[in-house]
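Geometric and topological summary
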Amino acid sequence: MNEQQFFKLIGRELFPDPAKALRPVSMPAWEPEVGPYHKVQYVVELVGPSLIPAVQAKALLEPKTRAGLGDPEIYVMAPGAKRWKSLWTGDDSMNYDSIAFAWDLVGKRGTLSNANAKELWTRCDKLGAPWTRRAIAMPPPDEVDQAASRLRAIQESFDVGVDVTVQKEFGSLPTMTAVEEAYAIGFRFGDSGLLEWKSQGWPAPLLWVYPISDDSALSLEDQRIEGIAIGYSLPCSPSPVDVLERLFESSDAIGKATHSSVYDTDGNPLTETARNAMRDSVRLGAKTLTDLGLRPGSAEALRLFEE
């Protein structure tokens, strides 16, 4: 259910209450980035002095040709440009002076291996011969196993959801009251069907609300619900420490409105001691990821953790 359907269902619109609305969080400016993403991808660039005719480069987008290269993302740079851009058929450049192919080291199709990387490098090297260009791989093919293993370990260790629940000790809570309070503090139904809280300057939700029974959309067909969860992804958040405070504020507000209590994911009351423990854990997780070169909310972190 999206917002328009929700408003039609209840016969009115809901708006944030300025006196209750969650404050924006401090976070880096959103700067849409274009790959290649060297921290999380295997990248093969064809280097050499000659220009690459755009018509020949675009031929690589033909499905059969692209599949023969392992279906990479293809990036190009026009003469005089300083930034990569995705290769697409509608580009009006006549020539390119750089072209690169990129594959996720760890992704939905599995983990890239040394052998796969060597074969991809060989195919790209042959591709560059007519342009008098040679293939340079980053990381080198014989280091891909190690790089992919490192990323997989990071993914498994830091794919952390930060969540709390709002529910009654006995019984259920009123669904509409929970939704109305969520709207009052700034949540809205998004295209995902979940209640989402966004902050100006960042396109993705920073928090979302879902039923504790599953992570699907809230259904207003049920007047009462067992409880709700509020959460976010630590590695995908641009400001995980500040967003945690908004999580506490929103769960307290919805809990108060529905005469419910706030619990951690183990079902323990969210005492101040428990909140401080969560603060310490989130700070440590965010710092460790940053120290590993994958700042939470960065393009590389989003690619690794948003599978």
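Note that this is a predicted model, so its numbers are computed, not measured.

Re the pattern of salt bridges
In total, this model carries 16 salt bridges according to the counting rule given. The shortest N-O distance in the salt bridge between Arg12 and Glu180 comes to 2.5 Å. Of this pair, Arg12 sits in the loop between helix 1 (3-10) and strand 1 (41-47) while Glu180 sits in helix 6 (residues 175-184), and the two are 168 residues apart along the sequence. Of the charged contacts, one joins Asp104 and Arg303 as a salt bridge, the two residues approaching to 3.1 Å between their closest N and O atoms. Taken as a pair, Asp104 in strand 6 (residues 98-104) and Arg303 in helix 9 (residues 299-305) lie far apart in primary sequence, 199 residues in all. The class for Arg303 is partly exposed, based on a relative accessible area of 24%.

Concerning the pairing of strand 9 (residues 134-138)
Taking every second residue as pointing to the same face, the buried face of strand 9 carries Ala135 and Ala137, while none of Arg134, Ile136 and Met138 on the other face is buried. Where strand 1 lies against strand 9, five bridges are found, and the strand directions are antiparallel. Bridging from a neighbouring strand, Val47 pairs with Arg134 of strand 9.

What to know about helix 6
Helix 6 sits mainly inside the fold: seven of its 10 residues count as buried. Among the residues of helix 6, those classed as buried are Thr175, Ala178, Val179, Glu181, Ala182, Tyr183 and Ala184. Taken together, the buried residues of helix 6 touch helix 1, strand 11 (173-174), strand 12 (188-189), strand 13 (195-197), strand 15 (224-225) and helix 7 (240-257). Positive phi appears at Gly186, one or two residues downstream of helix 6, with a value of about 120°.

Let's talk about unusual backbone geometry
Looking along the chain, the bond that leaves Gly35 and enters Pro36 is cis, with omega of 5°. Checked against the element boundaries, Pro36 lands in the loop between helix 1 and strand 1. Met138 connects to Pro139 through a cis peptide bond whose omega is -5°. Relative to the elements of secondary structure, Pro139 occurs in the loop between strand 9 and helix 5 (144-158). Located in the positive-phi region is His259, a residue other than glycine, with phi close to 55°.

Regarding the sheet that holds strand 10 (residues 161-167)
Strands sit in the order 12-13-14-16-10-17 across an open sheet of six strands; the sheet is antiparallel. In this open sheet, the two strands that pair with only one neighbour each are strand 12 and strand 17 (261-263). Inspection of the sheet shows strand 10 paired to strand 16 (residues 228-233) by six bridges, in the antiparallel sense. When the sheet's bridge partners are listed, Gly161 is paired in strand 16 with Ser233. Packed onto the sheet, helix 7 meets strand 10, strand 13, strand 14 (207-211), strand 16 and strand 17 and runs at close to 170° relative to strand 16.

Digging into the packing of aromatic side chains
Evaluation of the coordinates by the stated rule reveals six aromatic pairs. Arranged with centres 5.7 Å apart and planes meeting at 40°, the rings of Phe6 and Phe7 form a pair that is tilted. The exposure class assigned to Phe6 is buried, which follows from its relative accessible area of 0%. Classification of Phe7 as buried rests on a relative accessible area of 13%. Three or more aromatic residues joined by ring pairs form one cluster here, namely Phe6, Phe7, Tyr183 and Phe189. Directly above the aromatic system of Phe248 lies the positively charged group of Arg275, at a separation of 5.1 Å from the ring centroid.

A few points about the nonpolar core
By size, the foremost hydrophobic cluster in this structure holds 85 residues, and its most contacted members are Tyr42, Ile99, Phe101, Phe187, Leu195 and Ile230. Ranked by the residues each element gives to this core, the list is headed by helix 7, at six residues. Every residue in contact with Leu195, bar those within four places of it in the chain, is listed here: Val179, Ala182, Tyr183, Phe187, Arg188, Phe189, Leu207, Trp208, Val209 and Leu218.

Details of the sheet that holds strand 3 (residues 73-77)
Taken together, five strands build an open sheet; the order of strands is 4-3-6-1-9 and the sheet is antiparallel. Of all strands in the sheet, those bounded by a partner on one side alone are strand 4 (85-86) and strand 9. Sheet analysis places strand 3 next to strand 4, joined by two bridges and oriented antiparallel. Residue Tyr75 lies in a different strand from strand 4, and its bridge partner there is Ser86. Those strands touched by helix 4 (residues 114-128) are strand 1, strand 6 and strand 9, and its axis lies near 20° from that of strand 1.

Here is what the cut-offs are and how they apply
- Residues numbered from 1 in each chain as written.
- Predicted model: local features only at pLDDT ≥ 70, side-chain atom pairs only at ≥ 80, totals over all residues.
- Heavy atoms only, no water.
- Salt bridge = Lys/Arg side-chain N within 4 Å of Asp/Glu carboxyl O.
- Helix = DSSP H or I, 4+ residues; strand = E, 2+ residues; numbered from the N terminus.
- Buried < 20%, exposed > 50% of the residue type's maximum accessible area, 1.4 Å probe, protein only.
- Pairing = 2+ DSSP bridges.
- Contact = heavy atoms within 4.5 Å.
- Axes fitted to C-alpha atoms, helices over the stretch in contact; angles between N-to-C directions.
- Phe/Tyr/Trp six-rings, centres within 6.5 Å; stacked < 30°, edge-to-face > 60°.
- Lys NZ or Arg CZ within 6 Å of the ring centre and 35° of its normal.
- Core = buried A, V, L, I, M, F, W, Y, C linked by side-chain atoms within 4.5 Å.

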